[in-house]
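# Descriptive analysis of the structure
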Amino acid sequence: MSLQAYTAATARAESPRDLEYRLFGQVTRALVHASTVDESDIATRIDALDWNRRLWSTLAGECSDPGNALGAPMRAQIISLSLFVNRHSSAIMRGEESFQDLIDINRMIMQGLSGGASPTQ
């Protein structure tokens, strides 16, 4: 079976929730790695923070759509978390904060997406 066929079959079999979990796992692994590199490795740190910001920005954008199926309180919480992620990421780059809060938030979201099981990331 070709790689393209396998990729297409996997994409069709993966639920949106599974896709979100997998994406959060990838982004969280990048944050964990970035947290371990030397502070002079700006590229690695910025890439991980930017990827995480883009993920959260996309979620906030989806939550601002009135047609979103999530309840208004949940959408507001996700938008609020997105704003926090943005501010906290800037603080990390200024050397005022660590990556841990962002990693913890993503892991909690993953736990929710997995139905309550502890994430392995």
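To be clear, the structure that these remarks concern was listed above.
So, here's what we can say about the structure.

Reading the values: rules and limits
- Residues numbered from 1 in each chain as written.
- Predicted model: local features only at pLDDT ≥ 70, side-chain atom pairs only at ≥ 80, totals over all residues.
- Heavy atoms only, no water.
- Salt bridge = Lys/Arg side-chain N within 4 Å of Asp/Glu carboxyl O.
- Helix = DSSP H or I, 4+ residues; strand = E, 2+ residues; numbered from the N terminus.
- Buried < 20%, exposed > 50% of the residue type's maximum accessible area, 1.4 Å probe, protein only.
- Expected span 1.5 Å × (residues − 1).
- Arc of directions from axis to C-beta.
- Contact = heavy atoms within 4.5 Å.
- Axes fitted to C-alpha atoms, helices over the stretch in contact; angles between N-to-C directions.
- Parallel < 35°, antiparallel > 145°, perpendicular 65-115°, else oblique.
- Left-handed = near helix turned anticlockwise from the far one by under 90°.
- Patch = residues over 30% accessible without salt bridge, like charges linked within 9 Å, V, L, I, M, F, W, Y side chains within 5 Å.
- Areas by Shrake-Rupley, 256 points an atom, 1.4 Å probe, with all protein chains shown as cover.
- Polar contact = N/O pair within 3.5 Å; in protein donor to acceptor, adjacent residues only side chain to side chain.

## Observations concerning the pattern of salt bridges
- As enumerated under the stated definition, the model contains three salt bridges in all.
- Here glutamate 14 makes a salt bridge to arginine 22, at a shortest N to O gap of 2.8 Å.
- A salt bridge links aspartate 50 to arginine 54, with the shortest nitrogen-to-oxygen separation between them at 3.0 Å. Here aspartate 50 and its partner arginine 54 are both found in helix α3 (residues 42–63), four residues apart, which amounts to about one turn of the helix.
- Judged by relative accessible area, which is 36%, aspartate 50 ranks as partly exposed.
- On the accessibility criterion, arginine 54 (46% relative accessible area) is partly exposed.

## Some details on α3
- Over its 22 residues, α3 extends 31 Å from the first C-alpha to the last, a length consistent with the 32 Å expected when each residue adds 1.5 Å.
- By the burial criterion, the buried members of α3 are Arg45, Ala48, Leu49, Asn52, Leu55, Trp56, Ala60 and Cys63. Looking down the long axis of α3, one finds its buried residues gathered within 135° of arc, a one-sided arrangement.
- As for α3, its buried residues are in contact with α2 (16–36), α4 (72–93) and α5 (100–113).

## Let's talk about the packing of α3 against α4
- Between α3 and α4, the least distance of the axes is 8 Å, while the angle of their chain directions is 160°. Judged by the inter-axis angle, α3 sits roughly antiparallel to α4. Regarding α3 and α4, the two cross each other, and that crossing is left-handed. Contacts between α3 and α4 involve Ile42, Arg45, Ile46, Leu49, Asn52, Arg53, Trp56, Ser57, Leu59, Ala60 and Cys63 from the former and Arg75, Ile78, Ile79, Leu81, Ser82, Val85, Asn86, Ser89, Ser90, Ile92 and Met93 from the latter.

## So, a nonpolar patch on the surface
- A cluster of nonpolar side chains, contributed by Ile42, Ile46 and Met93, occupies part of the molecular surface with about 230 Å² of accessible area.
- Within the secondary structure, isoleucine 42 sits in helix α3.

## So, α5
- If you check α5, its first and last C-alpha atoms are 20 Å apart, about what 14 residues at 1.5 Å a residue would give, namely 20 Å.
- For α5, the set of buried residues is Leu102, Ile103, Ile105, Asn106, Met110 and Leu113. Down the axis of α5, the buried set is contained in an arc of 165°. They therefore lie on one face.
- For α5, the secondary structure elements touched by its buried residues are α2, α3 and α4.

## Examining the side chain of asparagine 68
- With respect to the helices, strands and loops of the structure, asparagine 68 is situated in the loop between α3 and α4.
- With relative accessibility at 19%, the residue asparagine 68 sits in the buried group.
- Here the side chain of asparagine 68 touches leucine 70 through a polar contact of 2.7 Å, landing on its backbone nitrogen.
- In this structure, asparagine 68 is in contact with Glu62, Cys63 and Arg75, ignoring residues within four places of it in sequence.

Treat this as a map of the structure, not an account of what it does.
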